[in-house]
Amino acid sequence: MAGGRNTTGPGLFAGVGLTSLATLMLQVSLTRLFSVALWHHFAFMVVSIAFLGYGASGTFLMMVPRTKTVSLRPTLALLALGFSVTTLGAYWSSNIIPFDPARIIWDRYQWVYLLGYYGVLAIPFFFAGLILALVYTSKAEAINRLYACDLVGAGLGCVAIFSIYSFAGEAGTVIFVCLLSVFASLAFSTNGWKVNVVRGFWMLLLCVLVVMRPGFLSLNISPYKALKVALRYPDARTLETQWHPAARLDVIESRAVRFAPGLSLEFQGRLPEQLGLCLDGGHLNAVTRFTGNMDRLAFIEFLPASLPYAIGDPDHVLIIEPLGSLDILIARYHGAKNIVTTNTNPLVLRVMRDSLKDFSGKLYEDEATAVEEQARSFLLKTQKRFDVIQLPVTDSLGAVSSGLYGLSEDYTLTVEAFKTYINALTPKGLLTVSRYLLPPPRHEPRLVALAYAALEAIGVKNPERHIAAIRSWGTFTLLVKRSPFEPQEIGRIKGFCGKLRFDLVYYPEMQRAEANKYNRFPGPIYHDMIEKILSPHTREAFFNAYLFDVRPVTDDRPFFYHNFRMDKVISLYRAVGNKWQLFLEGGYLIHLIFFQAVVISLVLITLPLKKAGLPPLSWFLSYFALIGIAFMLTEICLIQRFILFLARPVYAFSAVLFSLLTASALGSYFSKKVTFAPPGHKPLWARAQTLLLMTPVLLLAYAFLLDRLLMLAIAWPLWMRYGFAFLVILPLGFLMGMFFPTGVRTLSLYLESAIPWAWAVNASISVVGSVLAVLIAISFGFKTVLLLASLSYALALSLLAIIRIGRP
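Residues numbered from 1 in each chain as written. Predicted model: local features only at pLDDT ≥ 70, side-chain atom pairs only at ≥ 80, totals over all residues. Heavy atoms only, no water.

Engineer: Could you clarify how one ought to interpret the sheet that holds strand S6 (residues 338-342) in this entry?
Structural biologist: Paired through backbone hydrogen bonds, the strands of a sheet run either parallel or antiparallel to each other. Taken in spatial order, the eight strands of this open sheet run S7-S6-S5-S8-S9-S11-S10-S12, and their pairing is mixed. For this open sheet the edge positions go to strand S7 (369-371) and strand S12 (503-506), each flanked by a neighbour on one side alone. Sheet twist, expressed as the mean angle between neighbouring strand axes with direction ignored, is 20 degrees. In this sheet, strand S8 (residues 386-391) lies alongside strand S5 (residues 316-320) in parallel orientation, the contact comprising three bridges. Considered in S8, the bridge of Val317 is made with Val388. (Pairing = 2+ DSSP bridges. Helix = DSSP H or I, 4+ residues; strand = E, 2+ residues; numbered from the N terminus. Axes fitted to C-alpha atoms, helices over the stretch in contact; angles between N-to-C directions.)

Next comes the structure, spelled out in structure tokens:
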């Protein structure tokens, strides 16, 4: 082909690396941006489908084969420039498309707008994919080095996104991706004065946009998200906005900010002045003004969160993710002297220690010790024991829909997490967990099931004697005690609820008539559910019959907010009055995302059949499907496994992807020497296959031993844990990086014209694999995900063995 006559020089490798760097940053950026503009699960949905533009590039090359005969380097330069222009165009276009998930319920045109999102966002990925597909097709002999540059670029993107977000913000990060694409264009080719004029003008325009920050580049946030709702109040305004790869934080002044979860209706006073803290445009918390005058905090006496302090006199208190610090004020108001908080969001701490330091009374400096780490990581390595460990309510605009979190893992709400909390309590210590009431009940009964399972797992006899629960008009509070509740403590709980007109839900030996007195439902539904969960005679029958999945979740399936049951879809639809709005939850949408990904992938994979027919050895394309699925299953599972170990989810994402992609780049680079044997050279190929066979074996070992290995190093300093994570991932990543270049080089021997088709198969099925990983983890756990990845690599190896040994 004509492209093959171009010299493979440093510019080609640099261009591939820069393209991959820009693509990875674009994917992460769009996911974050649309998590703010829309909601988390819709961002996952849109970007996942748009990424199929990668696969469409390979299909295009097969359908229009003459594109493979063009002069390679100038074509790549133009495509990289097109990638840059369409990236900004896609961001701007998606920002003006009036798609809003909240309106799908009544506006049928939203489905059309959703398709528009898919289309405009797929275009830049199509250009990026076309660059890589052309390079791999034209330079198959150098695939090991080219694919290594691809992976190194993606790995660097995982690290670069942190620094870029910190100073560039929302639109600035997208513009930076555009600039990277221009540099990729220059790396591919600097020839042609017309192209250079266009590149120079485009770079100048991008620099102007960075400086001017025009309004049309500002993120268009859904008017139904908490931030926009709060800002519609009279005289409301935004005081400060900060970006981080983990979140966006807005500090606002609004009359909508009234944060006192479950405040008793017996309170007749006024709340102190509060400022709003809004995370990702949707989680609205508040900072309460504190001047040191405790008399201004009288409302605290009327909060359900004061219950632990009514039962005893705790001094050592741990508060997990207090955000705006109301729970620090509660502990301080009731006389606790030793208050520790764990915080995983760096933006919250930065704002509380800086611009809101005086407004909040320096709570994070003078009144509490702030630990910048996940609670479980902190508790597993500290020797401190606490009288109270508190998981507080963190949202202020009422009960949130679980649909916002159905696809989100939460390692603070698993059986293992509750075991860690209970073991960190003093002998009479209390664990307290508060959540908004969310009818129909699903989070509240699952909390009780978690507590029971954790107590049972640490050897507590009669766990039901260690559990109590109350509710206000809008919140549910669970108490778990290290020792059994004593009669005087139960009396204090009853007195607290009677005084503030809160409803008793459960305490040991409670009578059904005591429930549902003040804030009444048709019956004592919460009490009845808890009684069934705590009784070994009725527990399994209740779990099996209930419309939602409320069984306790574990670290292997850490999806606390996912309550979807496929076998109860029809019953649930009828139970909610034949309404389908509930099915917009994230846990339900994952099935729609998977269906869409499969359908679009099948279309992209089968389209070339019209042009190329079904050539001999086309069955080998399934090799690329298997390694695409296996790589994504492994990648997503490893990210989840390291979240607890590396303390913060966003850092786990960055560290694991960087380690995996860098190690895979090394594997790709050395794959030609290690795994490539001449056709029919059976002894050399047998040794290479033995090496590759270590991949499924290692995955089996990781599935059963990785968690135990990480627990051995959980107490190490964070920098040492990062190094340990890299070393753990290195051997697996090295082996995984060999599969794709080995497959491409093999295909070049027998069916070179199908290399773009292989790229389309690999890219399309990788997107399916990313959704499949979540779907399997929700249903069966992450261990099953790794086992399936091991099986996929084993099947891929069998196909490789058939074609390499069976054909001369």
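Engineer: How do you make sense of the nonpolar core when you look at a structure like this?
Structural biologist: In summary, soluble globular proteins display a tendency toward joint burial of nonpolar side chains. If you look at the biggest cluster of nonpolar residues, it comprises 219 residues, and the most contacted ones within it are Phe299, Phe624 and Phe642. Among the elements that take part in this core, helix H6 (residues 143-188) stands out by supplying 22 residues, more than any other. Apart from residues lying up to four places away in sequence, Phe299 is in contact with Ala260, Leu263, Phe267, Leu271, Pro272 and Leu326. One finds Val415, Ile422, Val433 and Leu478 within the second-largest nonpolar core, a separate group that totals 52 residues. (Core = buried A, V, L, I, M, F, W, Y, C linked by side-chain atoms within 4.5 Å. Buried < 20%, exposed > 50% of the residue type's maximum accessible area, 1.4 Å probe, protein only. Contact = heavy atoms within 4.5 Å.)

Engineer: Please clarify how helix H17 (residues 525-534) should be interpreted in this entry.
Structural biologist: Three or four residues apart is the spacing at which side chains of an α-helix point the same way, because the helix has 3.6 residues per turn. Within H17, the full set of buried residues consists of Tyr526, His527, Met529, Ile530, Ile533 and Leu534. When H17 is viewed along its axis, its buried side chains cluster within an angular range of 165 degrees and face the same direction. (Arc of directions from axis to C-beta.)

Engineer: Hey, could you run me through the packing of aromatic side chains in this one?
Structural biologist: For the structure on display, the rule yields 31 aromatic pairs. Ring geometry for Tyr147 and Phe740: centres 4.7 Å apart, planes at 35 degrees, overall tilted. Taken as a pair, Tyr147 in helix H6 and Phe740 in helix H27 (residues 739-750) lie far apart in primary sequence, 593 residues in all. We note that Tyr147, like Phe740, is buried. Geometrically, the ring pair formed by Phe670 and Phe734 is tilted, given 6.4 Å between the ring centres and 35 degrees between the ring planes. In this pair, Phe670 is assigned in helix H23 (residues 649-675) and Phe734 in helix H26 (residues 718-736), connecting sequence segments 64 residues apart. Connected via pairs of aromatic rings, a cluster forms that spans Tyr54, Tyr136, Tyr147, Trp619, Phe620, Tyr623, Phe624, Phe740 and Trp759. Directly above the aromatic system of Phe548 lies the positively charged group of Arg442, at a separation of 5.0 Å from the ring centroid. (Phe/Tyr/Trp six-rings, centres within 6.5 Å; stacked < 30°, edge-to-face > 60°. Lys NZ or Arg CZ within 6 Å of the ring centre and 35° of its normal.)

Engineer: How should I be thinking about a nonpolar patch on the surface in this particular structure?
Structural biologist: A cluster of nonpolar side chains, Leu204, Val208, Val210, Val211 and Met212, forms an exposed patch at the surface whose accessible area comes to about 490 Å². Inspection of the secondary structure assignment puts Val208 in helix H7 (residues 193-212). According to the relative accessible area criterion, Val208 is partly exposed, its value standing at 39%. (Patch = residues over 30% accessible without salt bridge, like charges linked within 9 Å, V, L, I, M, F, W, Y side chains within 5 Å. Areas by Shrake-Rupley, 256 points an atom, 1.4 Å probe, with all protein chains shown as cover. Salt bridge = Lys/Arg side-chain N within 4 Å of Asp/Glu carboxyl O.)

Engineer: So what exactly am I meant to see when it comes to the pattern of salt bridges here?
Structural biologist: Side-chain pairing between opposite charges can occur once the charged atoms of the two side chains come close. Taken as a whole and assessed by the stated rule, the structure comprises 22 salt bridges. A salt bridge links Arg255 to Asp235; the shortest N-O distance between them is 3.5 Å. Within this pair, whereas Arg255 is found in the loop between strand S2 (247-253) and strand S3 (274-279), its partner Asp235 is found in the loop between helix H8 (226-231) and strand S1 (237-244), the two being separated by 20 residues in sequence. Each member of the pair, Arg255 as well as Asp235, is classed as exposed.

Engineer: How should I be thinking about the side chain of Ser664 in this particular structure?
Structural biologist: One can find Ser664 in helix H23. A residue is classified by how much of its surface remains accessible, and Ser664, at 0% relative accessible area, is buried. A distance of 3.0 Å separates a polar atom in the side chain of Ser664 from the backbone oxygen of Gly733. (Polar contact = N/O pair within 3.5 Å; in protein donor to acceptor, adjacent residues only side chain to side chain.)

Engineer: How should the pairing of S3 be read in this particular structure?
Structural biologist: Two faces belong to every sheet, and in a regular strand the side chains alternate between them. Of all six residues in S3, six are buried, a share of seventy percent or more. Alternating positions in S3 separate into two faces, Gln274, Gly276 and Cys278 on one and Leu275, Leu277 and Leu279 on the other, with burial throughout. Pairing geometry for S2 and S3, over four bridges, is antiparallel. If you follow Val251 over to S3, its bridge partner there is Leu277. In terms of strand pairing, S3 meets strand S4 (residues 283-288) through six bridges, oriented antiparallel. When the sheet's bridge partners are listed, Cys278 is paired in S4 with Leu284. Linking two consecutive strands that pair antiparallel, namely S3 and S4, is a turn of three residues; a positive phi of about 55 degrees is found at Asp280 within it.

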